[in-house]
Amino acid sequence: MARVSKFSTAMQFVYSKYLSTARSFTVAAQEPILPVKSCAFSPKVAWKRTGQLQRTISRGFSKAGVGLHSGDEAVVRVLPAMAGEGRYFIIGKCRVRVPASTIHLSDTTLSVHIGKGGTSVRTVEHLLSALEGMGIDNCRIEIEGANEVPILDGSALEWVEAIEEAGTCIAKNNFGMDVEKMALIVCEPFHVMKGESFVAVYPAASTRITYGIDFQQAPAIGCQWFSWSPVDSMTYKEKVAPSRTFGLYEQVEQLRTAGLIKGGSIDNALVCSITKGWVNPPLRFSDEPCRHKILDLVGDLSLCAQDGHQGLPIAHIIAFKITNGAQESFKRKEASR
């Protein structure tokens, strides 16, 4: 259903300024933190060893379903990949390879689109969120049918269960060697504000995401806050993955008239009426809408991954009532540095 905010374009601008250095960094055994080439218009960051090896799935799996916005059927096959390949999609009749990275981010209108050469795939965030949350750094994702990842039940739980059933293993590179996973660590705070909306990123010893929403027009949702740290894959499975996408009942017809949410239903989204409350209870959590925002954000930030390294930065990210306007303000502010 309708997404109130997207954070990925804001992060795209910041990370795109130094992700280009990722392919050329070298790891000195005596240095636990590697400084990234400085840019006058971006915050200082560094690469840090995680102490973990890059992983992939032990065997492939597939899921089929309808796309939230297209309403068309698609089959997704997720297959193992070598260390250093990262996560990438194979899409379109020409089987175009599109890495799941900010470089190929093409649109964030109500869902995340990535593409290359005029071919794109949309609504990738739930699948990518599950892969990032479950520690799958490298995999090949093939899509047949519609160029939209199926919405399934509106959460990431079915993806997580499929990953668990397939199993995970240490990924090997072309030389049959393990590759240590790196993560970007934020060394200086930065933020953007527009009205009541803001995104703030602070240095931290580990990754933490705190999200706030405020639907004053819909009392059943109201103001909610939720904070999550990816301690392990189980915390993602139990606290984030089951939360479903949501929208307002009063906006449904407007969105459908605009050619969106053709595949949306009460079976794959929570629907809340401004005056009558939840149309299809029960909720899985009292703060399920806010948890789903973190699910989406994990998927968005997974696009910061490159070459099989971690997408989630080591930082405390705090977001509240994020709008596209706030994102544009963020980009302008960073560009002026």
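Residues numbered from 1 in each chain as written. Predicted model: local features only at pLDDT ≥ 70, side-chain atom pairs only at ≥ 80, totals over all residues. Heavy atoms only, no water.

1. What to know about the overall build of the protein chain
Per the secondary structure count, the protein chain includes 7 helices and 21 strands. Sequence-distant contacts, at least 24 apart, represent 74% of the contacts inside the protein chain between residues at least 6 apart. When the accessible area of the protein chain is evaluated, it comes to approximately 13,800 Å², of which 53% is carbon and sulfur surface. (Helix = DSSP H or I, 4+ residues; strand = E, 2+ residues; numbered from the N terminus. Contact = heavy atoms within 4.5 Å. Areas by Shrake-Rupley, 256 points an atom, 1.4 Å probe, with all protein chains shown as cover.)

2. Focus: helix α6 (residues 288-301)
Over its 14 residues, α6 extends 20 Å from the first C-alpha to the last, a length consistent with the 20 Å expected when each residue adds 1.5 Å. With 14 of its 14 residues buried, α6 lies for the most part within the structure. (Expected span 1.5 Å × (residues − 1). Buried < 20%, exposed > 50% of the residue type's maximum accessible area, 1.4 Å probe, protein only.)

3. Quick notes on the pattern of salt bridges
One pass over the structure, following the stated rule, counts 14 salt bridges. The shortest N-O distance in the salt bridge between Arg77 and Glu142 comes to 3.3 Å. Separated by 65 residues along the polypeptide, Arg77 in strand β5 (residues 73-80) and Glu142 in strand β11 (residues 139-145) bring together distant segments of the chain. For Arg77, a relative accessible area of 26% corresponds to the partly exposed category. Between Glu164 and Lys237 there is a salt bridge, with its nearest N and O atoms 2.8 Å apart. Residue Glu164 is found in helix α3 (residues 157-166), and its partner Lys237 is found in helix α4 (residues 233-239); the two are separated by 73 residues along the sequence. (Salt bridge = Lys/Arg side-chain N within 4 Å of Asp/Glu carboxyl O.)

4. Brief notes about the environment of Leu157
Among the structural elements, Leu157 can be located in helix α3. Leu157 sits 86 residues away from Ser243 along the chain, and the two C-alpha atoms are 8.0 Å apart. In contact with Leu157, other than residues within four places in its own chain, are Lys237, Ala241 and Pro242.

5. Focus: the pairing of strand β14 (residues 190-194)
For β14 and strand β15 (residues 197-202), the ladder comprises 5 bridges, and the chain directions are antiparallel. Bridging across to β15, Phe190 finds its partner in Val201. Joining the antiparallel neighbours β14 and β15 is a turn of 2 residues, in which Gly195 adopts a positive phi near 65 degrees. (Pairing = 2+ DSSP bridges.)

6. As for unusual backbone geometry
Of note, the bond from Pro281 into Pro282 is cis; its omega dihedral lies within 30 degrees of zero at 5 degrees. Turning to its location among the elements, Pro282 is positioned in the loop between β20 (277-278) and α6. Phi is positive for Asp307, close to 55 degrees, though the residue is something other than glycine. Here Asp307 shows up in the loop between α6 and β21 (316-320).

7. Quick word on the confidence of the model for the protein chain
On average, residues of the protein chain carry a pLDDT of 84, and 83% of them reach 70 or more. Here residues 1-42 scores under 50 on pLDDT; set against residues more than four positions off or in separate chains, the count is 114 contacts. Low pLDDT (under 50) marks residues 324-337, which in the prediction has 32 contacts with non-local residues, meaning those over four places away or in another chain. (pLDDT = per-residue confidence, 0-100.)

8. A short note on the pairing of strand β10 (residues 119-122)
When strand β9 (residues 113-116) meets β10, the two strands line up antiparallel, connected through 4 bridges. By the bridge assignment for β10, Ile114 is matched with Val121. A loop of 2 residues connects β9 with β10, the two strands running antiparallel in sequence, and Gly117 in this loop sits at a positive phi of about 60 degrees.

9. As for helix α2 (residues 125-133)
Since there are 3.6 residues in each turn of an α-helix, residues three or four apart along the chain are aligned in direction. The element α2 is extensively covered by neighbouring structure, given that 9 of its 9 residues are classed as buried. Where α2 is concerned, the buried positions are Glu125, His126, Leu127, Leu128, Ser129, Ala130, Leu131, Glu132 and Gly133. For α2, the secondary structure elements touched by its buried residues are β5, β6 (87-91), β11, α3, α4 and α6.

10. Here we look at the packing of aromatic side chains
Taken as a whole, this structure holds 4 aromatic pairs when the rule is applied. Judged by centre distance (5.9 Å) and plane angle (35 degrees), the rings of Phe198 and Phe320 are tilted. One end of the pair, Phe198, is in strand β15; the other, Phe320, is in strand β21, with 122 residues separating them in the sequence. Given a relative accessible area of 22%, Phe198 falls into the partly exposed group. Using a relative accessible area of 11% as the deciding quantity, one classes Phe320 as buried. (Phe/Tyr/Trp six-rings, centres within 6.5 Å; stacked < 30°, edge-to-face > 60°.)

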